[in-house]
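Read off the chains here:
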Protein chains: 2
Amino acid sequence: MTTRTKRAARGDLFSPECPTRRLLDRIGTKWTSMAIKVLADAAPQEVRFAELRRRMPGVSQKMLSVTLHSLVRDGLVTRRVEPTVPPRVHYRLTELGLSLEIPLAAVRAWAERHMAEIDRLNAINDARPDGE
Amino acid sequence: MTTRTKRAARGDLFSPECPTRRLLDRIGTKWTSMAIKVLADAAPQEVRFAELRRRMPGVSQKMLSVTLHSLVRDGLVTRRVEPTVPPRVHYRLTELGLSLEIPLAAVRAWAERHMAEIDRLNAINDARPDGE
DNA sequence: CCGAATCCTTCACGATACTG
DNA sequence: CAGTATCGTGAAGGATTCGG
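Residues numbered from 1 in each chain as written. Chains lettered and ligands numbered in written order. Predicted model: local features only at pLDDT ≥ 70, side-chain atom pairs only at ≥ 80, totals over all residues. Heavy atoms only, no water.

*Asks:* Can you walk me through the relation of the copies chain B and chain A in this structure?
*Replies:* The two chain copies are related to each other by a rotation about an axis together with a translation along it. Each copy of the sequence occupies a distinct position, and chain B is placed on chain A by a rotation of 180° and an axial shift of 0.0 Å, giving an RMSD of 0.0 Å. One copy is carried onto the other by what is essentially a two-fold rotation axis. No C-alpha of chain B approaches the rotation axis more nearly than that of B:Gly28, which lies at 2.5 Å. By residue overlap, the copies meet face to face through one surface: 100% of the interface positions of chain B are interface positions in chain A. (Least-squares fit on C-alpha atoms with pLDDT ≥ 70 in both. Contact = heavy atoms within 4.5 Å.)

*Asks:* How should I be thinking about the interface of chain B and chain A in this particular structure?
*Replies:* You'll often see interface size given as the accessible area lost when the parts meet. Each partner contributes residues to the interface: chain B has 44 residues there, and chain A has 44 residues. For the chain B and chain A pair, buried surface summed over both sides reaches about 4,200 Å², with 66% attributable to carbon and sulfur atoms. On the surface where chain B and chain A come into contact, there are four salt bridges. Here B:Arg73 ties to A:Asp126 by a salt bridge, and the two come within 2.1 Å at their closest N and O atoms. Taken together, chain B and chain A are joined by 18 residue pairs in polar contact (both at pLDDT 80 or more). Listed by contribution, the elements that provide at least two residues to the side of chain B that touches chain A are α2 (19-27), α3 (32-42), α5 (61-73) and α6 (95-127) of chain B. (Buried area = accessible area lost by both parts, 1.4 Å probe. Salt bridge = Lys/Arg side-chain N within 4 Å of Asp/Glu carboxyl O. Polar contact = N/O pair within 3.5 Å; in protein donor to acceptor, adjacent residues only side chain to side chain. Helix = DSSP H or I, 4+ residues; strand = E, 2+ residues; numbered from the N terminus.)

*Asks:* I tried to follow the protein's contact with DNA strand C on my own but got confused; where do I start?
*Replies:* The environment of DNA strand C is made up of 18 residues, and the closest members are A:Phe49, A:Arg79, A:Tyr91, B:Lys30 and B:Lys62. Considering DNA strand C, the proportion of its atoms within 4 Å of the protein that are sugar or phosphate atoms stands at 62%. Per-element tally for the surface near DNA strand C: the top contributor is helix α5 (residues 61-73) of chain A, with four residues. Among the residues forming the surface near DNA strand C, the class breakdown is nine nonpolar, four polar and five charged. (Near = heavy atom within 4 Å. Nonpolar A, V, L, I, M, F, W, Y, C, P; charged D, E, K, R; others polar.)

Structure, rendered in structure tokens:
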């Protein structure tokens, strides 16, 4: 085990492999947090691919597929295929995925309370580029 | 006001302008959350540019500068210049920035508890590409 | 119905060099 | 010391097409 790996394993925020950075890389991708929210809202029910797509306006078929498979790989989502023709594919959050909903909900709550303020401050700073 | 703006103002997760998405775009950039953590740990003390750089191993001068100015623009960080030669520039979290530390800490805690598990699940899924 | 493959554009980020 | 300017690279993600 390398020094870097040890540091990461200890949860060292300053390692290039720090777990927080790696988590943010995941939930920072465009559709991941929305997919988790939709699946969390439906839980413990499964949701079909097409239904997910309907509940995530703007997502392309490709990106939804990529996003979901990435979540499956991470063990946050399960994927169940009904062997019919055409196939039906069902997705559901795992326990791990559901647990991620909690910090994600905190981030969402902060965003809904404060992003308008950030927009306002941005507008002010744009209008007054330097210290007035 | 457009329909889309109304939806965003209501905190509609499914608007392209949804506040959560926009917040994640910010904290998802590589150095932002680390800068906030370092500043939060130091608060209410100010931290100089060079000191921040020392506490964020791996960050380039350019990216630290870009990151900090972006945070200032958002009103999450204040910037104070001592008019000396050479100049000293001090950064500190605002109240808004400090409030963001709370959900961020929740994300960090989740990451430190669960990312190792995600790595383990990834390894398993890599070894067994399809349903075994 | 679901998803893989390909092409293309955009942008975050790093390296480097330069300035007051 | 702090910041800016420029250039190059890689990766995200959108559009489209094909497949089982």
